[in-house]
Amino acid sequence: MPSMSRRSLLRSVAAGSAAVAVPGLLTACSTGSDDADVSNAGKKLAPWPAYAAPAGPRPDLAPTDAGVQAGFTSYPSSLVTSVARTPGDGSTVRVLTVTFGTPPKPAAQNQYWRAVEKALGVKIEFTVVPQADYQKKMATVMAGDPDALPDVINVFSGVTLPREAQFVQRRAEDLTPYLSGAAVRDYPNLAGIPTHAWRDMGRIGGRLYGVPVERPLPGSTLWLNQGLFTDAGMKDGWTSTDFTAVAKKATHGKRYALGASVGSLFGNAVHAAAHNAPNAWAVDKNGTFHPHYTDDRYKAAIAFQAQLRKNGSYHPDATSISPVDLSTLFLNGTVASLQDGFNAYQSRYLDAEGLLTPAPALPYSVDGTPGGIVAARRSFGYTILKKASKERIQMLLRLLDHLAAPFGTKEWELVHFGVEGVHFTRGKDGSPQATELGEVENVTNLPFRFLADGPQVLFLPGLPAAVRALHTWQSKVAPVAIRNASFGLKSGTETSQGATLKALMDDTITAVVAGRAPLSEYDEAVKKWRSRGGDRMAGEYAEEYHANT
């Protein structure tokens, strides 16, 4: 059965209103002094840290240059030590990062916390901020007393922080002398972070201000309850019409095919990629930047989502469910799918054991054109250090170097699984199996790995079949991953106005999909977005792009 055309779908959702012509080419110029500070254009660019592949076990499933990860179907039989000595100096280090879990137990009652402190050789005062509160908390931190800043802050890439680059440049230590080029060799595990993570983190004013937390190529992913979707008719090579039919069939009673959490725009990223819309920004062969908002394919994806919502396929609270609550609804079968980052597989499969089989969805095709997937920023975020003496900065970098130990090391095992006999035992295959305490005191609730982490590999303790399935899925979708051309680039307008402009579009898209506004309001919002800064962003990104290439 052929899929519904974009044109007919747009007409259906617009309810008869005339579509506004969407200009394709943006040619605005850069603006003023703010960009001059954070822009890389016209600056001497610090060389990226010199990559040195970390030593480690040979993977069972080979990685590829296209972005497929190395896969391990079994745990290494012997672990190596990657850090020669305790990195800390016995001082207190205050850290802040986002969390997607529940609040951790205090350090005095938390054996995992104390074990990592002992390994690092410092006392850690850890502030963990739930994802829903992170933007507000960071606004307070950024506006506060510079002397009161935490020593170590993970700048989470999942939100837009107003004037983020200016804040980092003004308040964080310039790490260029410590990490650029061959200097990174003093921190071997940081040298093992792939160059793509540093590039997607980007420079500020030509300098390096952070340490990226590397992530795999796939980004926002539609995670399915495989059994429910298969029973509803899911098949390889499905079309947008097939997807609609399957979602409708999987929805009945108090179960909904599609779950979404607050801020995800009804899972918009996945559907935009399936429609082959740009991933926020595309760049043409002339170096001109084009936003997804002005692309007909992106508009068609919104219309498609509005139709899914009208059909009843979305959970009725799709705009307000927290990520934690949505995971619960997924595990108890209330929703048959949810959008989350690809790396969520690390908890998704383990949490679902005995309940259901999760699986990342293959993209559907639209109008005969195979769909794409979202290519992630190759850094989950980046970690900055409060300005301090040279000796303290070197010590803090040693801490991050310890946390960035690769898979197959004793340091990696401690950070990811805790203490053997306390937080985990060994399965028959030697892989760590969480104890009851390990389920409570874990890396999700106390995310040291969000401060620094080793190169990502595919591994699930005791679940080799799942690792093979994920590797196969990556092999299919890596060639159709759609990259955001602005990753690693700086725009003064984006850092100063991006959060406000994004809120304008997010609110409009949510209203259209929810049925509270016609599609014509989207067209009006795009005009406002362009005139209030979108066109300037395009020009600034183009300038940055040319400077970096």
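What counts and how
Throughout, residues of each chain are indexed from 1 in the direction in which the sequence is written. In keeping with the predicted nature of the model, local features appear solely for residues at pLDDT of at least 70, side-chain atom pairs appear and are counted solely at 80 or more, and the whole-chain, interface and lining totals rest on all residues. To get the side-chain values, take all heavy atoms of the structure and skip hydrogens and water. By salt bridge we mean one thing: a side-chain nitrogen of Lys or Arg within 4 Å of a carboxyl oxygen of Asp or Glu. Numbering goes from the N terminus for both helices and strands, where a helix is a DSSP run of H or I of at least four residues and a strand is a run of E of at least two. Each residue's exposure class comes from its accessible area (1.4 Å probe, protein chains only) as a fraction of the maximum for that residue type: buried when under 20%, exposed when over 50%, partly exposed otherwise. For this analysis, a polar contact is any N or O atom pair within 3.5 Å, provided that within protein one partner can donate a hydrogen and the other can accept it, and provided that sequence-adjacent residues contribute only side-chain to side-chain pairs. Pairing between two strands is assigned when DSSP locates at least 2 bridges connecting them. Side-chain atoms within 4.5 Å are what join buried Ala, Val, Leu, Ile, Met, Phe, Trp, Tyr and Cys residues into a set we call a nonpolar core. Throughout, a residue-residue contact means that at least one pair of heavy atoms, one from each residue, lies within 4.5 Å.

- The protein chain is annotated in an unreviewed UniProt entry as Extracellular solute-binding protein of Streptomyces sp. 900129855.

### So, the pattern of salt bridges
Side-chain pairs of opposite charge can arise whenever the charged atoms involved come near each other.
Then step 1. Across all of its chains, the model carries 13 salt bridges by this definition.
Then step 2. The residue Arg 378 makes a salt bridge to Glu 214 at a minimum N-O spacing of 3.8 Å. Separated by 164 residues along the polypeptide, Arg 378 in the loop between strand 11 (373-374) and strand 12 (379-385) and Glu 214 in strand 5 (residues 211-214) bring together distant segments of the chain.
Then step 3. Residue Arg 378 is classed as buried on the basis of its relative accessible area, which comes to 13%.
Then step 4. Among the ionic pairs, Glu 524 bridges to Lys 527, the shortest N-O distance being 3.7 Å. Here Glu 524 pairs with Lys 527, and both are found in helix 20 (residues 519-548), just 3 residues apart, close to one helical turn.
Then step 5. Several salt bridges converge on common partners, so that one network encompasses Glu 413, Glu 420 and Arg 426.

### A short note on the side chain of Asn 442
Then step 1. Mapped onto the fold, Asn 442 is located in the loop between helix 17 (436-440) and strand 15 (458-459).
Then step 2. Only 2.9 Å separates the side chain of Asn 442 from the backbone nitrogen of Thr 444, close enough to count as a polar contact.

### What to know about the pairing of strand 4 (residues 152-156)
Then step 1. A large share of strand 4 lies buried, amounting to 5 of its 5 residues.
Then step 2. Of the two faces of strand 4, the one carrying Val 152, Asn 154 and Phe 156 and the one carrying Ile 153 and Val 155 are both buried.
Then step 3. Sheet topology places strand 2 (residues 92-99) next to strand 4; 2 bridges connect them, and they run parallel. Bridged to Leu 96 within strand 4 is Ile 153.
Then step 4. Two elements, strand 4 and strand 12, share 5 bridges in a ladder whose sense is antiparallel. By the bridge assignment, Ile 153 is partnered in strand 12 with Ile 384.

### Re the nonpolar core
Then step 1. Counting residues in hydrophobic clusters, the biggest one holds 69 residues, and the most contacted among them are Tyr 134, Leu 179, Leu 190, Leu 397, Leu 400 and Phe 448.
Then step 2. When residues in this core are grouped by element, the largest group, 7 residues, is from helix 15 (residues 390-403).
Then step 3. Once residues lying within four places of it in the same chain are set aside, the contact partners of Leu 400 are Val 152, Leu 190, Val 211, Thr 383, Leu 385, Leu 451 and Ala 452.
Then step 4. Counting 54 residues, the second-largest nonpolar core is a separate cluster that includes Trp 238, Tyr 364, Ala 514 and Ala 517.

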